[in-house]
Amino acid sequence: MTVHFIGAGPGAPDLITLRGLNLIRRSPVCLYAGSLVPAEVVAEAPEGAIVEDTASMTLEDIIARIQAAHERGQDVARVHSGDPSLYGAIGEQIRRLDELGIPFRIVPGVPAFAAAAAELGRELTLPEISQTVILTRTAMKSSSMPPGEDLEVLGKSGATLAIHLSVRNLRVVREKLIPYYGEDCPVVVAYRASWPDELYIHGTLSDIQAKVRAAKITRTALVLVGPVLEPGRFRDSALYDADHVHVLRPHRKKVSG
């Protein structure tokens, strides 16, 4: 028996990996985050499977169901949204499973920031503009940020920021980042990236809060910040430059005459 923590992807049912989908199709127990995982994904569970939405459950409730499946010798598909390594709250579940001696595996999924970048038609790392993407959040009612990870510190990098769980905290995002990125720095708020009702609100650090308020977006949104969102002209990467020599593309001798 194994518990499979499966990343279902950002929302579109066809963005789940084949590995994840196949595990759902053969697991007799499926526990899924119903507010974020599309119904089409868990509909692939086998006939007669136990399929339960964990949105209203406590950690103890979830572990109790996994433990019961373990006693029956049944695999569990524990389905999370996006990639389970990012804000998936799998750490505390894994800790409990380790204590109980229940085996588990993790299946990665497409994260929301990747889905948003794809829909926007943007590369988040451009030569001489940004070569770093920082995935972070801000502190509200959830746990506080560890020392050295607040936006004042991260903003000094000038990196592309993918700020999770913070669409209701845009005032703080604006105030903390304008000193480092400037008022005109591009911002995109991606609401439910890849879902049928997805929405992308474009703005700047100075006006994005008002635009999001007008759109009445209060949850399930990712905040992207950085010049790469509206890059203008930028230098080509050396990767495909004819003069850039590497082991897979050795120097080509010019043929005269």
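Up top is the structure.
In this text, all values refer to a predicted model and were calculated from it rather than measured experimentally. Residue positions are counted from 1 within each chain, in the order its sequence is given. Local features in a predicted model are, by the rule used here, given only for residues with pLDDT of at least 70; side-chain atom pairs are given and counted only at 80 or more, and totals for whole chains, interfaces and linings are based on all residues. Heavy atoms throughout the structure, all of them, feed into the side-chain values; hydrogens and water do not.

Student: Explain the side chain of N169 here, please?
Tutor: For helices the rule is a DSSP run of H or I covering at least 4 residues; for strands it is a run of E covering at least 2, with both sets numbered from the N terminus onward. Positionally, N169 belongs in the loop between β7 (160-164) and α7 (170-181). Each residue is assigned to one of three classes by its accessible area relative to the maximum for its type, calculated with a 1.4 Å probe on protein chains only: buried under 20%, partly exposed between the two thresholds, exposed over 50%. Overall, N169 belongs to the buried group, its relative accessible area being 11%.

Student: Whenever I open this one, the environment of Y181 confuses me. Can you help?
Tutor: Along the chain, Y181 turns up in helix α7. Working rule for contacts: check all heavy atoms of both residues, and any pair within 4.5 Å makes them a contact. If near-sequence neighbours (up to four positions away) are discounted, Y181 is found in contact with L154, G155, S157, G158, A159, L161, L205 and V225. In this structure the side chain of Y181 is engaged in a polar contact, spanning 2.7 Å, whose partner is the backbone oxygen of A159. In protein, a polar contact requires one atom able to donate a hydrogen and another able to accept it; more generally it is a pair of N or O atoms within 3.5 Å, and residues adjacent in sequence count only if both atoms are side-chain atoms.

Student: Is there a simple way to explain the sheet that holds strand β6 (residues 133-137) in this structure?
Tutor: What holds strands together in a sheet is hydrogen bonding between their backbones, with the strands either parallel or antiparallel. Being paired, for any two strands, means DSSP has found at least two bridges between them. In space, the five strands of this open sheet follow the order β6-β7-β10-β8-β9, with mixed pairing throughout. Edge positions in the open sheet fall to β6 and β9 (199-204), since each of these has one partner strand only. The average undirected angle you get between the axes of adjacent strands in this sheet is 20°. Bridge analysis of strand β8 (residues 186-191) against strand β10 (residues 221-225) gives five bridges, and the strand direction is antiparallel. The partner of V187 across the bridge, within β10, is V225. Between N-to-C directions, angles cover 0 to 180 degrees, with each direction set by a line fitted to C-alpha atoms, over the stretch in contact for helices. Strands in contact with helix α8 (residues 208-215) are β8 and β9; relative to β9, the strand with the most contacts, it is inclined by about 150°.

Student: Whenever I open this one, the sheet that holds strand β1 (residues 3-7) confuses me. Can you help?
Tutor: If you trace the five strands from one edge of the open sheet to the other, you get β3-β2-β4-β1-β5, paired in parallel fashion. One side of each edge strand has no neighbouring strand; the edge strands of this open sheet are β3 (50-53) and β5 (104-107). The sheet shows a mean angle of 15° between the axes of neighbouring strands, taken without regard to direction. Pairing of strand β2 (residues 29-32) with β3 involves four bridges; the strand directions are parallel. Note on β3: the bridge partner recorded for Y32 is D53.

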